[in-house]
Amino acid sequence: MIGKWPLAKINDISERVAMGPFGSSIKVETFVSNGIPIISGQHLNGFKIDDKAGYNFITIEHADKLKHANVYRGDVIFTHAGNIGQVSFIPNNSLYQRYVISQRQFFLRPKQDKVLPEYLVAYFKSPEGQQKLLANTSSVGVPSISQPVSYLRNLEIPLPPLEEQRAIAHILCTLDDKIELNRRMNETLEQMARAIFKSWFVDFDPVRAKMSGRWKKGDSLPGLPAHLWDLFPDRLVPSELGDIPEGWPVESLSEIVEINPPRYLKSGQIAPYLDMANMPTTGHMPNNIILRPYSSGMRFINGDTLLARITPCLENGKTAFVNFLRSGEIGWGSTEYIVLRPKAPFPEQFTYFLARSSTFRDFAIQSMSGTSGRQRVSPEALSGFKLVRPSALIALEFGNLTSRLLDRAKACSDESRVIASLRASLLPKLIAGEICINSGIF
């Protein structure tokens with residue numbers, strides 16, 4: 001009956017609930033290149049563990065000694081200290097069959113003839129489930145769930161029939177899978193654009209191909225249409241940066257890019273705000289933008305590139321390309337951002353991919369100054385970065401190619417936000433039994 005799922009105690013529907021190992025049991029010096037992967041908080045962002053996040057490993061012998069912390073397909077993993085409230089399960093198609101959880105985690109092994117792991121994750125991600133999971137939280141020092149194993153065992157949760165659990169899980173996991181597919185698509189699009197930047201402006205592949213005799217008029221290489229070949233020089237010449245294309249001068253960043261160009265917002269004006277926590281470390285799109293009264297901070301418009309200049313955010317790669325504002329809108333964010341915008345005729349995308357390049361980032365990191373833990377790179381230091389200035393026509397062609405890739409990535413990100421919003425609205429209704437899928441009331 002809708003809204004009347006019976007309650008079941010976790011202890012009665014689980015085979016096991018257990019903690020991760022003691023902190024001293026897994027240390028950096030015990031890591032090996034291959035073996036049993038260690039699940040950490042970065043793997044628990046979706047309904048399923050994220051195998052794409054990469055793992056540290058310990059030996060099989062070491063994992064055998066930590067047998068109470070070994071987890072397998074079908075197990076549900078929780079975080080009990082630090083970023084509490086995280087919960088994911090290990091799916092049947094996981095990259096590995098066996099894992100070890102870290103010291104800040106605990107796990108539940110469900111009796112799958114009574115409850116599905118997918119349903120348990122769905123429940124504990126719902127507002128009701130999060131409230132129950134975190135009700136026994138201690139905020140002294142590092143946030144943590146007190147006595148997580150015994151506490152979880154005694155929790156009661158609504159338990160629909162297995163058929164209904166399966167339907168709920170299917171809907172939510174399908175939405176989650178679509179978000180993950182969009183994320184991977186965005187990674188691919190970004191990698192394609194970065195590869196073009198590196199090939200054209202760092203490795204000078206088209207010029208080297210001409211010099212080697214592998215090219216003749218009308219030829220093309222992957223990613224470079226034939227009509228672009230004539231735009232590239234046919235020889236390299238020595239420079240302070242090494243061999244560079246003939247006719248492409250070496251210039252300072254400040255000659256090509258505006259650093260912290262002026263933008264105006266009135267104090268108290270409501271405007272889109274991007275905080276440091278939501279600055280992306282890989283792709284160009286921030287995770288979340290909110291509206292907030294302007295007080296003080298760096299202002300930006302569409303087409304700007306934002307670079308986090310303080311440690312560890314700079315080292316972690318926090319960088320964004322602004323294409324998420326409405327026409328004419330001005331956004332703002334941390335005072336620890338540097339705003340970059342190319343001077344005409346260079347395309348906006350050129351500065352973003354320059355800021356993502358390893359040579360630029362290495363220079364910025366090496367130019368940091370200040371006390372330990374509060375080091376930052378100054379706009380003045382950044383302005384001295386030396387780069388090769390390509391011809392305007394080639395830069396504009398790069399902008400045309402990469403703008404299409406970034407637009408597609410933005411569309412994927414926008415779609416994922418809509419899906420996440422739909423999932424968030426469906427989740428509590430499905431768990432509460434307000435929507436009964438198998439009865440046709442949906």
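Before reading on, note that the structure itself is shown above.
Residues numbered from 1 in each chain as written. Predicted model: local features only at pLDDT ≥ 70, side-chain atom pairs only at ≥ 80, totals over all residues. Heavy atoms only, no water.

Asks: So what exactly am I meant to see when it comes to the packing of aromatic side chains here?
Replies: How two aromatic rings sit relative to each other is set out by the distance from centre to centre and by the angle between their planes. One pass over the full model with this rule turns up 28 aromatic pairs. Arranged with centres 5.9 Å apart and planes meeting at 85°, the rings of F353 and F398 form a pair that is edge-to-face. Placement of the pair is F353 in helix α10 (residues 348-356) and F398 in helix α13 (residues 392-432), with a sequence separation of 45 residues. Like F398, F353 is buried. Grouped by ring-pair contacts, the aromatic residues F197, W200, F201, F204, F232, W248, F321, F346, F350, Y352, F353 and F398 constitute a single cluster. We note K125 situated over the ring of F47; from NZ or CZ to the ring centre the distance is 5.8 Å. Above the face of the Y273 ring, R292 is positioned so that its terminal group lies 4.2 Å from the ring centre. (Phe/Tyr/Trp six-rings, centres within 6.5 Å; stacked < 30°, edge-to-face > 60°. Helix = DSSP H or I, 4+ residues; strand = E, 2+ residues; numbered from the N terminus. Buried < 20%, exposed > 50% of the residue type's maximum accessible area, 1.4 Å probe, protein only. Lys NZ or Arg CZ within 6 Å of the ring centre and 35° of its normal.)

Asks: When you look at helix α7 (residues 205-212) in this model, what are you seeing that I'm missing?
Replies: Because an α-helix completes one turn every 3.6 residues, residues spaced three or four positions apart along the sequence face the same direction. Those residues of α7 that fall on the buried side of the exposure criterion are P206, V207, A209 and K210. Looking straight down α7, one finds its buried side chains confined to an arc of 160°; they lie on one side. Looking at the buried side of α7, the elements it contacts are α6 (162-201), α8 (226-229), β13 (236-237) and β14 (244-245). (Arc of directions from axis to C-beta. Contact = heavy atoms within 4.5 Å.)

Asks: How do you make sense of the sheet that holds strand β16 (residues 257-259) when you look at a structure like this?
Replies: Backbone-to-backbone hydrogen bonds pair the strands of a sheet. The strands run either parallel or antiparallel. Pairing is antiparallel across the open sheet formed by 4 strands, whose spatial order is β16-β23-β20-β21. Among the strands making up the open sheet, the edge pair consists of β16 and β21 (319-321). This sheet shows a mean twist of 20° between the axes of neighbouring strands, independent of strand direction. Pairing of β16 with strand β23 (residues 337-342), which is carried by 3 bridges, proceeds in the antiparallel orientation. Bridged to E258 within β23 is R341. Of the strands in this sheet, β16, β20 (305-308), β21 and β23 touch α10, which is tilted by about 165° from β21. (Pairing = 2+ DSSP bridges. Axes fitted to C-alpha atoms, helices over the stretch in contact; angles between N-to-C directions.)

Asks: Would you mind showing me how to read the side chain of E190 here?
Replies: Position of E190 relative to the elements: it lies in helix α6. Since its relative accessible area comes to 6%, E190 is described here as buried. A polar side-chain atom of E190 sits 2.5 Å from a polar atom in the side chain of Y352. Aside from chain neighbours lying at most four places away, what touches E190 is T282, G283, H284, Y352, F353, R356 and L406. (Polar contact = N/O pair within 3.5 Å; in protein donor to acceptor, adjacent residues only side chain to side chain.)

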